[in-house]
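The lines below spell out each chain.
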Amino acid sequence: MKKKVLVLTGGGDCPGLNAVIRAIVKFFGNGNEKDWQVLGSIEAFNGVFADPMEVIELNGSNTAGIHVKGGTIIKTTNKGHPFNYPIQNADGTWTEIDRSDDLIERLNKLGVEAVINIGGDGSQTISQKLFEKGVNVIGVPKTIDNDLSSTDFTFGFRTAVQIATDSFDKLVTTAESHDRVMIMEVMGRDAGWIALHTAIAGGAEVCLIPEIPYDIDKVVNRINQRYKNGRGFANIVIAEGAKPKDGHAYAQKSQEVGYENRRLGGIAFRFSEELKAAGCKADIRETVLGHTQRGGTPIADDRVLATLFGIKAGQMVLNQEFGKMVAIKNNSIVSVPLKDAIKEYKFVRTDSFEIEAARRMGISFGD
Ligand code: F6P
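Residues numbered from 1 in each chain as written. Predicted model: local features only at pLDDT ≥ 70, side-chain atom pairs only at ≥ 80, totals over all residues. Heavy atoms only, no water.

1. A word on unusual backbone geometry
Residue Pro-52 is bonded to the preceding Asp-51 through a cis peptide linkage, with omega at -5°. Within the secondary structure, Pro-52 is located in the loop between α2 (46-49) and β3 (55-57). Of note, Lys-75 is a non-glycine position whose phi angle comes to about 60°, a positive value. Here Lys-75 lies in the loop between α3 (60-63) and β4 (85-88). You will see that Asn-331, though not glycine, has its phi angle at about 70°, which is positive. Here Asn-331 shows up in the loop between β16 (324-329) and β17 (332-337). (Helix = DSSP H or I, 4+ residues; strand = E, 2+ residues; numbered from the N terminus.)

Printed below as a string of C-alpha cells:
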C-alpha cells in the first residue's frame, strides 16, 4: 500500500499555490518516491472534517498545467481553524470548539503519514500546534503580504507588487493629465512591503506604511512642492494598515463566523478626507486595489519560488523533517523550525537600506 501525504491550502489565496501543488505531485510521481500517494483536502482542513470527507487524489491529470493558474485548485478558507472551530448551536448562536483530536483521528483513519500545510502565519500556527500533538507537519509559507518571519520572501508577493505597479503606472498618466493627487491603496495587513516595493518601482511621491506613522501636514507639504501655479500632480501609495501619528489603522472586526483577522481596507478614503482637512487644495481621487492583487496568473519569479518550495517540501517529507517550514534565505531554499517562523511578525525595518534608498529617490514617508 502506498504511503499518503496530505496537501492543503489555508488562509487567503495567493498566486503560486497551484505551482506548489503541482511541484509536490511531480516530486512524488517521479523516481523512487512513487510509493507515495498525494491527497488534497478541499478547503484547508474542512475537507477532512467533512462527512463524507472531501479529500481527493492529486495526480498528473488534475494538476497538469496548473502552475500558470491563480488561486488554488483545492480551495481555501480562513474560517476552519481546527483549534477554534465554529459550531452552530441549536439556538442559532455560534461556539468555537477545539476539534484537533477529531482531526488527528480522521487523519489516522485516512492513513496520512505526513501533512504539507501551505499557508500564512495563521496556518503555520496551526501547523506548529498540530506538530506539538504528534502530527508529521511541514509548512510551506505563502502570502502576498510578505510578512512571515524566517523567510526572505513568500511567493505571491512579487505578483502582487507587479499588479500594483501596473495600476500605479496607469494612475500616473491620468494624474498628470488632470493635475490631480491620486491615492492608491494596496494590501499588506500590518506590513508595508507591497506599498514600499510598489512606490519604488512606480516612482511615487509619497508612500505611507504602517511601520512609519504619517504626519498629515508633512504629506501636504510634499504634495504642494509638486504644484506650481495650480499645475502639477502627485501619486501616493498607501498601505491598508497605514496610520497617522498618534492614531490607529482603519480596521474593523469581521462579522463573519470563524474569521479571526481584523478586516482592513478603505483607508484611502479616510486619508483623502484628512488631506482636504489639512489644506490640500488639489483634486484628489482614490483607488483601492483590493483583491485584484491576489488574483490571476503568478509572474515567473513566483512560479519558480513556488515550484522550489514544493520540491523542498517533498524532500522534507522523505527526510522526515517535520515541525519545519520551507523558506528562502540568502538565495538558498532551506528548512526552518515552524516555531521560529511564527514567533514574530515581519515588519519593514525602518532602518533598512530599502527605506534609505526610497528616501534618496525622493519618496516621502510622511514623517
Ligand atoms: O493576507 C492577505 C490579505 O490579502 C491581506 O493583504 C488582506 O488584508 C487580507 O488578506 C484580506 O482578507 P480577505 O480575503 O479575507 O478579505
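2. Thoughts on the site of the ligand
Around the ligand, the surrounding shell consists of Asn-78, Ile-144, Asp-145, Met-187, Gly-188, Arg-189, Glu-240, Tyr-259, His-291 and Arg-294. Contact distances for the ligand include 2.6 Å between an oxygen atom and a side-chain N or O atom of Asp-145. Measuring from an oxygen atom of the ligand, one finds a side-chain N or O atom of His-291 at 2.8 Å. Burial of the ligand by the surrounding chains reaches 83%, relative to a free accessible area of 400 Å². Among the detected pockets, the ligand sits in the largest pocket. For the shell around the ligand, the class distribution of residues is three nonpolar, three polar and four charged. Formed jointly, the shell around the ligand draws a minimum of three residues from each of two domains, domain 1 (3-155 + 298-341) and domain 2 (158-295). (Near = heavy atom within 4 Å. Polar contact = N/O pair within 3.5 Å; in protein donor to acceptor, adjacent residues only side chain to side chain. Areas by Shrake-Rupley, 256 points an atom, 1.4 Å probe, with all protein chains shown as cover. 1 Å grid on protein atoms, 1.4 Å probe; cavity = no way out; pocket = protein on both sides within 12 Å on 5 of 7 lines; lining within 4 Å. Sits in = over half its atoms within 2 Å of the grid points. Nonpolar A, V, L, I, M, F, W, Y, C, P; charged D, E, K, R; others polar. Domains from an automatic or database assignment.)

3. Comments concerning the side chain of Asn-46
As for its placement among the helices and strands, Asn-46 is situated in helix α2. Classification of Asn-46 by relative accessible area gives buried; the value is 14%. Within polar-contact distance, the side chain of Asn-46 engages the side chain of Tyr-85 at 3.0 Å. Each residue touching Asn-46, except ones within four places of it in the same chain, is listed here: Thr-77, Gly-80 and Tyr-85. (Buried < 20%, exposed > 50% of the residue type's maximum accessible area, 1.4 Å probe, protein only. Contact = heavy atoms within 4.5 Å.)

4. Quick word on helix α6 (residues 157-178)
With 22 residues, α6 should cover 32 Å at 1.5 Å per step; its first-to-last C-alpha distance of 31 Å lies within 8% of that length. For α6, the complete set of buried residues consists of Phe-157, Thr-159, Ala-160, Val-161, Ala-164, Thr-165, Ser-167, Phe-168, Leu-171 and Ala-175. Looking at the packing, one finds that the buried side of α6 touches β8 (180-186), α7 (193-202), β12 (234-239), β15 (283-288) and α10 (300-318). (Expected span 1.5 Å × (residues − 1).)

5. A word on the packing of aromatic side chains
The final tally for this structure, using the stated rule, is seven aromatic pairs. Their ring planes at 25° and their centres at 6.0 Å tell us that Phe-153 and Phe-157 sit as a pair that is stacked. Grouping aromatic residues by their ring pairs yields a cluster made of Phe-27, Phe-28 and Trp-36. Its guanidinium or amino end placed over the ring of Phe-233, Arg-226 lies 4.8 Å from that ring's centre, counting from NZ or CZ. (Phe/Tyr/Trp six-rings, centres within 6.5 Å; stacked < 30°, edge-to-face > 60°. Lys NZ or Arg CZ within 6 Å of the ring centre and 35° of its normal.)

6. Observations concerning the sheet that holds β16
Spatially, the seven strands line up as an open sheet ordered β3-β2-β1-β6-β7-β16-β17, and their pairing is mixed. Edge positions in the sheet fall to β3 and β17, since each has one partner strand and no second. Between one strand axis and the next, the sheet turns through 30° on average, direction left out of account. Of the pairings in the sheet, the one linking strand β1 (residues 3-9) to strand β6 (residues 112-119) comprises six bridges and is parallel in character. Paired with Val-7 across the strands is Ile-116, a residue of β6. Relative to the sheet, helix α4 (residues 100-110) contacts β1, β2 (36-41), β3 and β6, its axis offset from that of β6 by approximately 125°. (Pairing = 2+ DSSP bridges. Axes fitted to C-alpha atoms, helices over the stretch in contact; angles between N-to-C directions.)

7. Looking at the state of the cysteines
Linking two cysteines covalently via their sulfur atoms produces the bond known as a disulfide. This model, assessed by the stated rule, comprises zero disulfides. With no disulfide of its own, Cys-207 lies 18 Å from the sulfur of Cys-280, the closest cysteine sulfur. Judged by its relative accessible area of 1%, Cys-207 is buried. (Disulfide = S-S within 2.5 Å.)

Geometry only, nothing functional implied.
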